[in-house]
Number of protein chains: 4
Amino acid sequence: MKLTGVFAPIPTPFDRADRLDTKRLRRALTRWLAHPLTGFVVLGTTGEAPLLDDDEADRAVGAARETIPADRPLIAGTGRESTRSAVRAAKRAARLGADAVLVRTPSFFKRQMTDQALVGYYTSVADASPVPVLVYNFPALTGINLQPAAVSRLARHPNIIGIKDSSGDVLQISDLVASAPGEFSVLSGSGSTFYTAVSMGATGGVLALACVLPDACVRLFELARAGQHQEARALQQQLLPVAKLVGSEYGVPGLKAALHLAGYDVGLPRRPLPPAPEAAVAELREALCVLGG
Amino acid sequence: MKLTGVFAPIPTPFDRADRLDTKRLRRALTRWLAHPLTGFVVLGTTGEAPLLDDDEADRAVGAARETIPADRPLIAGTGRESTRSAVRAAKRAARLGADAVLVRTPSFFKRQMTDQALVGYYTSVADASPVPVLVYNFPALTGINLQPAAVSRLARHPNIIGIKDSSGDVLQISDLVASAPGEFSVLSGSGSTFYTAVSMGATGGVLALACVLPDACVRLFELARAGQHQEARALQQQLLPVAKLVGSEYGVPGLKAALHLAGYDVGLPRRPLPPAPEAAVAELREALCVLGG
Amino acid sequence: MKLTGVFAPIPTPFDRADRLDTKRLRRALTRWLAHPLTGFVVLGTTGEAPLLDDDEADRAVGAARETIPADRPLIAGTGRESTRSAVRAAKRAARLGADAVLVRTPSFFKRQMTDQALVGYYTSVADASPVPVLVYNFPALTGINLQPAAVSRLARHPNIIGIKDSSGDVLQISDLVASAPGEFSVLSGSGSTFYTAVSMGATGGVLALACVLPDACVRLFELARAGQHQEARALQQQLLPVAKLVGSEYGVPGLKAALHLAGYDVGLPRRPLPPAPEAAVAELREALCVLGG
Amino acid sequence: MKLTGVFAPIPTPFDRADRLDTKRLRRALTRWLAHPLTGFVVLGTTGEAPLLDDDEADRAVGAARETIPADRPLIAGTGRESTRSAVRAAKRAARLGADAVLVRTPSFFKRQMTDQALVGYYTSVADASPVPVLVYNFPALTGINLQPAAVSRLARHPNIIGIKDSSGDVLQISDLVASAPGEFSVLSGSGSTFYTAVSMGATGGVLALACVLPDACVRLFELARAGQHQEARALQQQLLPVAKLVGSEYGVPGLKAALHLAGYDVGLPRRPLPPAPEAAVAELREALCVLGG
């Protein structure tokens, strides 16, 4: 199972009382299904996973699987701080129909989360998970950067099939590609550097940007893979402002605001996450307008 | 309810199968109760709170309350990433007999956790919590530093009674003391700077060090409060090596190893936290030996 | 030669054409001499040393020495990036009458400036310098923190008499005091934590704040040394706003603006250092006004 | 004057007494001249510029110019902390025959070196310099990152012709290319990401790696410019280990050790820079050996 292409890490809708709203989740998914996206991630960072209880998480995965046809891969975010909870979450997601699980590095006890501890963690999770495991590295949020050498060791595990790297460091993407075996999937988590990552050998991306502009992201991927570097570079440059705004700049609130502007009904972030500030909405409106024109 | 004195943030024992072990928790607590500690914190950072499920957390609070007599304050750590979960956890802890709750800043979505967002979060939790709330600021682990100005605003809430500040920044302790009303409790979370914090006006401490050396910590507090600065400074200097080893240096694994050396039966950290490395145990043995001699 | 007390690290005046203005330097010094300051530092960080050529530096040291009577210690900042230049600068300053030299850690090649490299550097400078050497550690500006263990080794050199530590980390001050021999001078470079540093055993301070409020700083030092902790703490608290504004907050531009408000004629910072922004001047005016009232 | 191609930032030899050794500088340059490098930078970071006095700097520029024929561009590093010294250094370098000057951001007073202050600095230097100015941004060493928006403003100055960006951040390279006018030169300072930088539109590089492996760097540039991405990527991957070792990993000591292994006689770094540790030499020997085989 090699993951190639563009995956949308879909946001999680909440209702006005801040409760999980699976009805709107299904509706939004139906709309994304009409686009040529390869597959979907539920409960990634943009899915506000750390703000959901286990029970809510299960309902979100279940609703997603019921909506997404079997031939479109569904990946569920199941990272937890303890090995024990991560194993359980992976098992539950598999039972609910996820094709693979995306497991973020535990990070609360930063100093103790050495590469060795993380290799132990992922090995335990992969040993126990009924479905393949994707490692998930996001240094800006976790304060931890899993080194390519550790990933290379993990890549030998038969149930660890790839990594989503959101470091935005294309040199690291290049290292990951060089040091992992051929069938290992290296997915970029950064829309701002997606063209470069693919031209460095990344096999695809899990991009917040792909929720907002799915067709453009797929086209960017195809151009880069086909070696049409000039067109790819030009398209990447056009997408850059939106990529930044829904990425590091305004995060989940920015993404939900952008989706609202694009006609998706995904509501506001869960508290204590604030809604996007007005200035962000104005910037997003302008950046999207330029692309639409 | 003003919190004055030395509180021990007790670790959480797990059995060999990595399950919560409330029996050993009770036994260890019984031993600590024999020391002149003011009170106890369960499920703080040293209690490995982020590694426990809600159900386990409730059992730990319940077991602690049943062991600790009503005249010794029990504070339960109930911080969660979402406002909703934090409110629920506070309610459950209150029902289980906690006298107050200690609520760590949510921190996963760092950039969005502005002072304004955090003021909103704590206000919601304090509005709903049946017992008083202590703010908990630990920048080294969360990547977020709640500013004294924001704390000063929160201090006006009738149900927010104090802060545990683990920044180790005594200037910040001084700012907190100066800007908060007189009845607000400012507790230091750093054993290495405890004397300084108290001489700056901190009303007490929640110190990992106090699990290992409860009598010495209480004496240090009393000396500092009594204005016996020379003796206090000398004692602080003696305690410094152990304070560092069970604090920033080796964290929870260091604390559990130190307690093992001191005859407490609290087991190993929960995975993926590794046990303390051998070098740490050797350093701890020597540092404790010097104090005992 | 033990350095005890409060030293003023005086700023360097420039004329409208951005040339060194020794005339105004002498005039300002004359005014500071009327205050009970222990001694003076020329060409420290607040003296904009990195913005002066060697020739200008020599003229500034010469002018200061001619103005300051022999019974008031004059310390000259002579740190340079290369060992060779630092040796030469120390020799020239000694010839011009400096009683000691203050040598900042070289820091451009950060990763190579290990404690071992820095011990070599200071040893070479101290071997060659005709006058005693003070180590100068300022992590916020250099990106390097010389560890107490390395300072402890340097303290054994007969020509290295002390350290100015501007880390603002009072735990580090405490470590320096504990690990250095009794005759070694530990001077704090942080006005915001001066009381704490002295109560931790620092022998004095080199404080930008002492240029603006010399009498108050001397009084704070005396209170802290005499064990009058309550008064000392209250005074430190009063001085805190100005200390921050002329310290980390607005740096040299802030200090020169504060001195202008206090009636000193020290001009503007040398370019590319900008003058203090208007908001800074307003904050300073208010903070000074509160103290004066 | 558009700078396109590969420039070697040559190291500065010192003799055993740590004095500038222009004789060996000339000899080494003669050897580099036999390679198809576009041009040379003297007194860049790898030239240990911050460790030289003005007089030595002038002698190094003079010796380089006398050795390098007029049709090969010579760029002199002339950044200084003060605007005044930077203007003077640029004038002297121009008089000694430099074709352009490379001016590093001043950085000692980090907090005050805002984009606005830096725009003022560069404007003053460019107004006064008889030869064109290249901006030089090196965040890892200076602690300052000049923003693309500020560079875009500077690019309008008729005497500012380009930038050397050593951030290693290819997204920033992409921003610089997009926001600057077409004739502005964007040179990468990072050998590890050179292919990517060129494929992002960089017009060339100033690479420590090009001192050690000039032919390979020139070939990498040509492949990338010709759109032969697969070959370019493979070559970049091969060069990566050496690029890292002489770049961020071991800096100037690493570069001088690598050159020694490659038969260049450039001596040791100037003190306090230490020679490369033995482990570094072993790693370099192996990495170079692999390439040579």
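For the structure itself, look to the data block above.
Calculation rules
Residues numbered from 1 in each chain as written. Chains lettered and ligands numbered in written order. Predicted model: local features only at pLDDT ≥ 70, side-chain atom pairs only at ≥ 80, totals over all residues. Heavy atoms only, no water. Contact = heavy atoms within 4.5 Å. Buried area = accessible area lost by both parts, 1.4 Å probe. Salt bridge = Lys/Arg side-chain N within 4 Å of Asp/Glu carboxyl O. Polar contact = N/O pair within 3.5 Å; in protein donor to acceptor, adjacent residues only side chain to side chain. Nonpolar A, V, L, I, M, F, W, Y, C, P; charged D, E, K, R; others polar. Pairing = 2+ DSSP bridges. Helix = DSSP H or I, 4+ residues; strand = E, 2+ residues; numbered from the N terminus. Axes fitted to C-alpha atoms, helices over the stretch in contact; angles between N-to-C directions. Buried < 20%, exposed > 50% of the residue type's maximum accessible area, 1.4 Å probe, protein only. Right-handed = clockwise from strand over helix to strand, strands pointing away. Least-squares fit on C-alpha atoms with pLDDT ≥ 70 in both. Phe/Tyr/Trp six-rings, centres within 6.5 Å; stacked < 30°, edge-to-face > 60°. Lys NZ or Arg CZ within 6 Å of the ring centre and 35° of its normal.

J.: Explain the interface of chain C and chain B to me, and be specific about the residues and the numbers.
T.: Chain C puts 18 residues into the contact, and the matching count from chain B is 18 residues. At the boundary of chain C with chain B, total buried surface from both sides reaches about 1400 Å², with 58% on carbon and sulfur atoms. The shortest N-O distance in the salt bridge between Lys244 of chain B and Asp175 of chain C comes to 2.9 Å. Connecting chain C to chain B are six residue pairs in polar contact (both at pLDDT 80 or more). Grouping the constituent residues of the side of chain C that touches chain B by class yields seven nonpolar, eight polar and three charged.

J.: Provide a residue-level description of the sheet that holds strand β3 (residues 74–77) of chain A, including the pertinent values.
T.: All names here are of chain A. Judged by pairing direction, the barrel is parallel, and its eight strands sit side by side in the order β1-β2-β3-β4-β5-β6-β7-β8 before closing back on the first. Pairs of neighbouring strands in the sheet enclose a mean axial angle of 25°, with direction left out of account. The sheet contact formed by strand β7 (residues 185–188) and strand β8 (residues 204–206) spans two bridges and is parallel. Its bridge partner being in β8, Ser188 is matched across the sheet by Gly205. Packed on one face of the sheet, helix α4 (residues 115–128) meets β4 (100–104), β5 (133–137) and β6 (160–165) and runs near 160° to β4.

J.: Please give an account of the pairing of strand β3 (residues 74–77) of chain D that cites residues and values.
T.: Residues and elements named next belong to chain D. The side-chain alternation of β3 yields two buried faces, one formed by Leu74 and Ala76 and the other by Ile75 and Gly77. Note that the unit made of strand β2 (residues 39–42), helix α2 (residues 54–67) and β3 has a crossover that is right-handed. Where β3 meets strand β4 (residues 100–104), three bridges bridge the pair, whose relative direction is parallel. Note that in β4 the partner of Ala76 across the bridge is Val101. For the crossover from β3 across helix α3 (residues 83–95) to β4, the handedness is right-handed.

J.: Describe the relation of the copies chain B and chain A, with residues and values.
T.: Superposing chain B onto chain A takes a rotation of 180° plus a shift of 0.0 Å along the axis, which leaves an RMSD of 0.0 Å. Taken together, the rotation and translation describe the operation of a two-fold axis. When C-alpha positions in chain B are compared against the rotation axis, the closest is assigned to Gly143 of chain B, at 3.9 Å.

J.: Outline the environment of Ala258 of chain B, supporting the account with residue identities and numerical values.
T.: Turning to its location among the elements, Ala258 of chain B is positioned in helix α12 (residues 251–261). Setting aside residues no more than four positions away along its own chain, Ala258 of chain B makes contact with Val212, Val246, Leu284 and Leu288 of chain B.

J.: Account for the packing of aromatic side chains, with residues named and values stated.
T.: Evaluated as defined, the whole model comprises 20 aromatic pairs over all chains. Their ring planes at 85° and their centres at 5.0 Å tell us that Phe108 of chain A and Phe109 of chain A sit as a pair that is edge-to-face. For Phe108 of chain A, a relative accessible area of 8% puts it in the buried group. Since its relative accessible area comes to 4%, Phe109 of chain A is described here as buried. When the centroid spacing of 6.1 Å and the interplanar angle of 35° are considered together, the rings of Tyr136 of chain C and Phe138 of chain C count as tilted. Like Tyr136 of chain C, the residue Phe138 of chain C is buried in the burial classification. Here Arg31 of chain C stacks its cationic end above the ring of Tyr264 of chain C, 4.0 Å away from the centre of that ring.

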